[in-house]
Each structure stands twice: as C-alpha cells, then as structure tokens.
Amino acid sequence: MIDLRRLHVLRAVDHYGTVRAAAEALHFTPSAASQQIRQLGRELGVALLEPHGRRVRLTPAAQRLLAHADEIQARWEVAERDLRADDDQPAGLLRLAGFPGAVSALLAPAAAALAARHPRLTPRIREAEAGDCFDLLFDGDADLAVVEAKPDEPPRDRARFDQRPLLDDPFDLLVPAGHRLAARERVELAEAADEPWIVPGAPCTCRTHVLSACGAAGFTPPVAHDAVNWEATIALVAHGLGVALVPRLARVPETAPVVRLTCAEEPRRKILTVTRPGARGDAAVAAALAELERLTPALLTQ
C-alpha cells in the first residue's frame, strides 16, 4: 500500500512547478519533500525524480502516475464526504474564494442567502485572485471558487479542477457626464479611440480583456491612467480624466457623474466556478452553486 501523503507531495510538485515551491506550500523543507517522493518511488519500484541541471524534475513515470494520483485524490474526497453526510441538508463550514469583483457582486450576497436558508451552514469567504484560488482549492483551503478566465491562457488542468461557466460578463464604456458620447445608448469602441483611457494596471486580468477588446476594434488605447480598483476607475472617469471599459458586474454609484454605454462589439469576460472533481455533489457546494446561478441574471440587467 502506498502512502497517500507522499502521493500528495508528488501532486504538489506538479501543481506548483518545483520541489521548492511545493515544499513551501506544504510547510516542508525541499529535502524533506524530495525524500517523500523518492520513498514513494521506492515503494512503486520506479524513479519519480531525475536531475535537471542544478535541480530535479518529475520523470515520465511520475507524469503517468499523476493522472492516477488525481483520480485517487478525487475518489478519496468523495468517500470522506459520504462518511460525514448524515443527511442531504447543507451543513458545516463552506469555504468560498473569489476575485474582488466576484466577492462583492456574487459571493457576499450568496453567502448571506445561504446562511439565512441553511442555519447549519457557515459560509466563509476569502478574497483571492485566480491563481491563488486554484492554489487554495488544491491545498484543500477552499471548496468553491469564482474566477475570471484569462483570454490568453489555456484552462487549468481539467483532471485536477472542475471548471464550468457561470456567466459571460459584458464590458461597458464608461464616459464622464457631458461627454460627447454621453447621450448615446450604444457606441462602437473605435469612436473612443482618440480619448485618454483609464486601463487596469498589470497584472490585473481585466487589463488583457480591455486591451484585447480595443485591439479587435482596430486601435491601441492611449493610456492616461492605470487603476486596478474599479472604484478608482470610476472616480477618474467622473473627474473627466478619461474613458474606461468596465465589466457589468462592477457597480457604478447612481450619484457618480458618469454614463455607462453599451458597446456594439459586446466585449465580454468569462466567469467560472471551480471546484475539485466530485465536489459539486456535496450538499453545501451544490447549494452555493444554485444560489450563484439564481443571482446572475439580475446582476447582468442592472
């Protein structure tokens, strides 16, 4: 019989990319993490680590083992949930994670509704960017995450994470009140090509969406200001310092002297729900997913 803890160390090396990064995440020393994998290799009769320059890397045998390791981990989590379940009612601690916009627009109202409907359920929210959300799920520190898909990156390992679309979030053009385009309901992005632009700062995922949308419209936006926080972006537009693309989920105060315009090109970002494989069958996770699905239509029409 193999030690599942050693198998998890192998998965961590693959997930984090290096033995050192995996060891840090697992609170091991690099030598202790390497020793765990070498011991697993001895139990299986294969080499799982090989020299690679001044470091080590996983062997082809380790890569083949990983597919089975992810399946074993998923089945073990299902078994644990079955053993803990005394009925089908959501109960216990439900750990939710998401990027800032998802927390304010989706996770906060969902958590409040879940707590009201299911007194035995305790939702706990953690704000985190997409990469950190995947790490939290992998480490078992989150049960469900809401992430923004990057347009220029492939999906994460499908065997390790269950990723499904939640909504397509449109971008609107935000202009100051009194702007030459403010009286319009619908505009083409190219009409704002010569305006000063407020663009999300790197490494914000929305920066890629904004630049891609403008590129598809045939221009590179002249960046006058960088702002990651949507409240800051709205303030900059309100003071007449430029225009910006903002996602529909970003709430704009009614008192702000700005106008939100629909874009003819309908640029969008994809919002995903992410769990570990098999977790959607858990009563608490299923209840949270149902609540998120219930919330999304109204959010996109506001």
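In what follows, the structure referred to is the one given above.
Here we summarise the structure given alongside this text. Just so we're clear, the structure is a prediction, and the values are computed from it rather than from any experiment.

## Side note on the overall build of the protein
And step 1. A count of helices and strands for the protein gives nine helices and 12 strands.
And step 2. Seen along its three principal axes, the alpha-carbon backbone of the protein occupies a region of about 70 × 55 × 25 Å.
And step 3. When contacts within the protein are restricted to residue pairs at least 6 apart in sequence, long-range pairs at least 24 apart make up 73% of them.
And step 4. With the model as given, the accessible surface of the protein reaches about 15,500 Å², and the carbon-plus-sulfur share is 52%.
And step 5. Computed over 36 positive and 41 negative side-chain charges, the inter-centroid distance for the protein is 5 Å.

## Here we look at the side chain of threonine 273
And step 1. Among the structural elements, threonine 273 can be located in strand S12 (residues 268–275).
And step 2. Its relative accessible area of 3% is what places threonine 273 among the buried residues.

## Side note on helix H3 (residues 30–44)
And step 1. If you check H3, its first and last C-alpha atoms are 21 Å apart, about what 15 residues at 1.5 Å a residue would give, namely 21 Å.
And step 2. Considered for burial, the residues of H3 that qualify are Ala33, Ser34, Ile37, Leu40 and Gly41. One side of H3 holds all its buried residues, which, seen down the axis, span an arc of 120°.
And step 3. Downstream of H3 by one or two residues, glycine 45 has phi in the positive range, about 80°.

## Re the pairing of strand S4 (residues 121–127)
And step 1. Bridge count for strand S3 (residues 92–98) against S4 is seven bridges, and the pairing is parallel. Counted as the bridge partner of leucine 94 is proline 123 from S4.

## Focus: the nonpolar core
And step 1. Core analysis: the largest hydrophobic core is formed by 33 residues, its most contacted members being Leu10, Ile37, Leu58, Val147 and Val274.
And step 2. Ranked by the residues each element gives to this core, the list is headed by helix H6 (residues 130–138), at six residues.
And step 3. Apart from residues no more than four positions distant in its own chain, leucine 58 is found in contact with Leu10, Val13, Asp14, Leu48, Leu49, Glu50, Gln63 and Leu66.
And step 4. Formed by 32 residues, the second largest nonpolar core is a distinct cluster that contains Ala182, Ile234, Leu245 and Val246.

## Looking at the environment of aspartate 162
And step 1. Structurally, aspartate 162 can be placed in strand S6 (residues 162–176).
And step 2. A C-alpha to C-alpha distance of 9.8 Å links aspartate 162 and leucine 272, two positions 110 residues apart in sequence.
And step 3. If sequence neighbours within four positions are ignored, aspartate 162 has contacts with Thr273, Val274, Thr275, Arg276, Pro277 and Arg280.
And step 4. One polar contact links aspartate 162 to arginine 164, side chain to side chain, over a distance of 2.9 Å.

## Examining helix H5 (residues 100–117)
And step 1. Its 18 residues place the ends of H5 24 Å apart at the C-alpha level, agreeing with the 26 Å of an ideal helix rising 1.5 Å per residue.
And step 2. Maximum bend of H5: about 40°, positioned at leucine 107, with proline proline 109 one to four residues after it.
And step 3. By the burial criterion, the buried members of H5 are Gly101, Ala102, Val103, Ala105, Leu106, Leu107, Ala110, Ala111, Ala113 and Leu114.

## Considering the packing of helix H1 (residues 4–16) against helix H2 (residues 19–26)
And step 1. Interaxial distance between H1 and H2 falls to 8 Å at its minimum, and their mutual angle equals 120°. As judged from the angle between their axes, H1 and H2 are oblique. Note that H1 runs across H2; the crossing there is right-handed. In this structure, H1 contributes His8, Val9, Ala12, Val13 and Tyr16 to the contact, and H2 contributes Val19, Ala21, Ala22, Ala25 and Leu26.
And step 2. Across the contact of H1 with H2, the residue classes break down as nine nonpolar, one polar and no charged.

## Brief notes about the environment of proline 247
And step 1. Looking at the element boundaries, proline 247 is found in strand S10 (residues 244–247).
And step 2. Excluding residues that lie within four positions of it along the chain, proline 247 makes contacts with Asp169, Pro170, Phe171, Trp230, Arg260 and Arg269.

## Points about the packing of H1 against H6
And step 1. The geometry of H1 relative to H6 is characterised by a closest axis approach of 12 Å and an angle of 175° between their N-to-C directions. Judged on the interaxial angle alone, H6 and H1 are roughly antiparallel. Of the residues in H6, those touching H1 at His8, Arg11, Ala12, His15 and Tyr16 are Phe134, Asp135 and Phe138.
And step 2. Grouping the constituent residues of the contact of H1 with H6 by class yields four nonpolar, two polar and two charged.

Conventions we followed
Residues numbered from 1 in each chain as written. Predicted model: local features only at pLDDT ≥ 70, side-chain atom pairs only at ≥ 80, totals over all residues. Heavy atoms only, no water. Helix = DSSP H or I, 4+ residues; strand = E, 2+ residues; numbered from the N terminus. Contact = heavy atoms within 4.5 Å. Areas by Shrake-Rupley, 256 points an atom, 1.4 Å probe, with all protein chains shown as cover. Lys, Arg positive; Asp, Glu negative; His and termini not counted. Charge placed at Lys NZ, Arg CZ, Asp CG, Glu CD. Buried < 20%, exposed > 50% of the residue type's maximum accessible area, 1.4 Å probe, protein only. Expected span 1.5 Å × (residues − 1). Arc of directions from axis to C-beta. Pairing = 2+ DSSP bridges. Core = buried A, V, L, I, M, F, W, Y, C linked by side-chain atoms within 4.5 Å. Polar contact = N/O pair within 3.5 Å; in protein donor to acceptor, adjacent residues only side chain to side chain. Bend = angle between axes of the 7 residues up to and from the residue. Axes fitted to C-alpha atoms, helices over the stretch in contact; angles between N-to-C directions. Parallel < 35°, antiparallel > 145°, perpendicular 65-115°, else oblique. Left-handed = near helix turned anticlockwise from the far one by under 90°. Nonpolar A, V, L, I, M, F, W, Y, C, P; charged D, E, K, R; others polar.

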